[in-house]
Amino acid sequence: MSPVMRLSRQTLQQLPETIERPAYDPAGVTIGIVHLGIGAFHRAHQAEFTDIVLPRDPSWGICGVSLRSAETRDALAPQDGLYTLKVQDGQGVALRVIGSVVETLVAPENPEAVLARMLDPATRIVSLTVTEKGYCHNPATGTLDENHPDILHDLEHPEKPRSAVGFIVEALSRRRASGVPAFTLLSCDNLPSNGHVLKRVVTRFAEMRDPQLGTFAATVASPSTMVDRIVPATTDADRVAIADSLELEDAWPVVTEPFRQWVVEDDFPLGRPAWEEAGAVFVEDVSAFETMKLRLLNGSHSTLAYLGYLAGAETVADAMALPGMRELIEGLMVEEVSPTLPSLAGFDLPAYRRALIERFDNPALRHRTWQIAMDGSQKLPQRLLGTIRDRIADDASCERLTLGVAAWMRYARGIDEAGNVIDVRDPLAGRIAALTQGLDGAEGIVDAFLGLTEVFGGDLSGDQLFRSRLVDALSRLMSDGAGVVLATRKQSVV
């Protein structure tokens, strides 16, 4: 029978001894970080790093802000913000209760409460995991999309913003007016130079509101970061298994892998938690690390997600088991991606690639290909297209990378190989459907997609060799299917 009591501060002491719990009193933690976009990744990554170091300084608790849905608040509020982090691989399972999320707010319900928390001088860091699309930017250029509906709304209604950018700029405006020093902005999203992108869009939006506010925004610290941990969506089966172990109900647990990585540029004028004691690495320039991760892990992830989904694989591990997939991904990493990477002195690149393959193979982590496939129009410029540009510039092969882009085109049209509708979650899904409606030949479809210059830029959109490679790859996917293409493509020796 399912447990009826709920995880909370009052029930913490009832947990079995095998469950790790906060090494501090959660009731004594105060808020120093406002986090925009309190999803599963944040709760499995930054919130855990913070939880580990709170015994040293309990003033770094987190106020988590949902910019859209009330789901997380509704689940965590009855639990006093506590939730379970389940870490699992083929070797076993470990459960840890996290207490670093002190408060959860829902921005559409009460934007003023969010802004008040961001204005509070105790808030010294505003961090984000809002995914690529949450930056309201042009993915091909990294500049603010000044015609984005949320940006237009926030210009008209600055006191009731919808976007992360709108909240940040209104909070900075109020801190400036009140004489409160600016908080540090900390992007934890998978964007190259994520701190620079965030600073750019925030500064431009501030300039559009008021040139003097733009000048103030340009002074805000915004260090770039590289984040890495695979966090699949939590299932009902996960909730049942975790509740059985806790002997308590947890409505919003998070499931992840043992591996985690956080590389951060150390630029925090108002201070920061001692995250290095939890395993974070602080550096002067994170760009080499983020390029490596975006191209090797995320580029491979997207490629296997689109091909795997089309071939009927529900999870990453299922996709890796498809005939030809492992060879494709290993070849992509070794032959096409690695030659484009900057040098990292002392870093064991072959070992990192092997670790990625082991993570993809993890049978305990049911990371759905459909989940990874979301928002491809926002992800591909960073994950695949930058690498393709470098390979084209070197007059080098990019056949595997191009196959990944073609698989996205095949997927994003919204009909799978059996003729079933795909639930495509992408900001450009409507435009893609309109552009490709009625087209049944690979050439026309490729030309329609290349017309999305916000994805491909002017260079790739006009590159005839890239176009011809895409047409060839998409033709094979459309005629033979992803499974056959994977199983029969010529493999290089890696």
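Just above, that's the structure.
Quick summary incoming for the structure in this document. Fair warning: this is a prediction, and the values are worked out from it, not measured in the lab.

Our next topic: the nonpolar core. Of all hydrophobic cores here, the largest spans 71 residues; its most connected members are Met325 and Phe456. It is helix H10 (residues 287–310) that contributes the most residues to this core, 10 residues altogether. Setting aside anything within four residues of it in sequence, one finds Phe456 in contact with Leu385, Arg389, Val405, Trp408, Met409, Phe449, Leu450, Ser461 and Phe466. Of all hydrophobic cores here, the second largest spans 39 residues; its members include Val34, Ile151, Leu185 and Val202.

Aromatic ring pairs are described here by two measures, namely the spacing of the ring centres and the angle between the planes. For the structure on display, the rule yields 10 aromatic pairs. When the ring of Phe268 is compared with that of Trp275, the centres are 6.2 Å apart and the planes differ by 70°; the resulting orientation is edge-to-face. Comparing Phe268 with Trp275, the two get one shared label, buried. Their ring planes at 50° and their centres at 6.4 Å tell us that Phe456 and Phe466 sit as a pair that is tilted. Highlighted residues: Phe456 in helix H19 (residues 453–461) and Phe466 in helix H20 (residues 464–480), separated in sequence by 10 residues. Accessibility expressed as a relative area gives 0% for Phe456, which makes it buried. In this structure Phe466 comes out as buried when scored by relative accessible area, which is 1%. Chaining the aromatic ring pairs together yields one cluster made of Phe49, Trp262, Phe268, Trp275 and Phe282. Taking the ring centre of Tyr83 as reference, the NZ or CZ of Arg43 above it sits at 4.6 Å. Cation over ring: Arg272 sits above Phe282, and NZ or CZ is 3.6 Å from the ring centre.

This part covers the pairing of strand E9 (residues 184–187). On a regular strand, each side chain points to the face opposite its neighbour's, so the side chains alternate between the two faces of the sheet. Covered by surrounding structure in E9 are Thr184 and Leu186 together with Leu185 and Ser187, the residues of both alternating faces. By the bridge criterion, 4 bridges tie strand E6 (residues 125–128) to E9 in an arrangement that is parallel. The residue of E9 that forms the bridge with Val126 is Leu185.

Ordered by their spatial adjacency, 5 strands build an open sheet running E5-E2-E1-E6-E9, and the pairing between neighbours is parallel. Looking at which strands have only one partner, the edges of the open sheet turn out to be strand E5 (101–106) and E9. Ignoring which end each strand starts from, the neighbouring axes of this sheet average 25° apart. For strand E1 (residues 31–36) and E6, the ladder comprises 4 bridges, and the chain directions are parallel. Paired with Leu36 across the strands is Leu128, a residue of E6. Helix-sheet contacts for helix H4 (residues 111–119) involve E1, strand E2 (61–66), E5 and E6, and the interaxial angle to E5 is about 140°.

Here we come to the pattern of salt bridges. Counted under the stated rule, the structure contains 33 salt bridges. For Glu20, the salt bridge is made with Arg96, and the minimal N-O distance between the two is 2.7 Å. Pair noted here: Glu20 is in the segment before E1 and Arg96 is in strand E4 (residues 92–98), with a separation of 76 residues, a long-range link. Glu336 serves as the salt-bridge partner of Arg400, at 3.1 Å between the closest nitrogen and oxygen. Here Arg400, found in helix H16 (residues 399–412), pairs with Glu336, found in helix H12 (residues 325–337); they are 64 residues apart in sequence, far enough to count as distant. Residues joined by salt bridges that share partners form a network here, namely Glu112, Glu170, Arg174 and Arg209.

Procedures and definitions
- Residues numbered from 1 in each chain as written.
- Predicted model: local features only at pLDDT ≥ 70, side-chain atom pairs only at ≥ 80, totals over all residues.
- Heavy atoms only, no water.
- Core = buried A, V, L, I, M, F, W, Y, C linked by side-chain atoms within 4.5 Å.
- Buried < 20%, exposed > 50% of the residue type's maximum accessible area, 1.4 Å probe, protein only.
- Helix = DSSP H or I, 4+ residues; strand = E, 2+ residues; numbered from the N terminus.
- Contact = heavy atoms within 4.5 Å.
- Phe/Tyr/Trp six-rings, centres within 6.5 Å; stacked < 30°, edge-to-face > 60°.
- Lys NZ or Arg CZ within 6 Å of the ring centre and 35° of its normal.
- Pairing = 2+ DSSP bridges.
- Axes fitted to C-alpha atoms, helices over the stretch in contact; angles between N-to-C directions.
- Salt bridge = Lys/Arg side-chain N within 4 Å of Asp/Glu carboxyl O.

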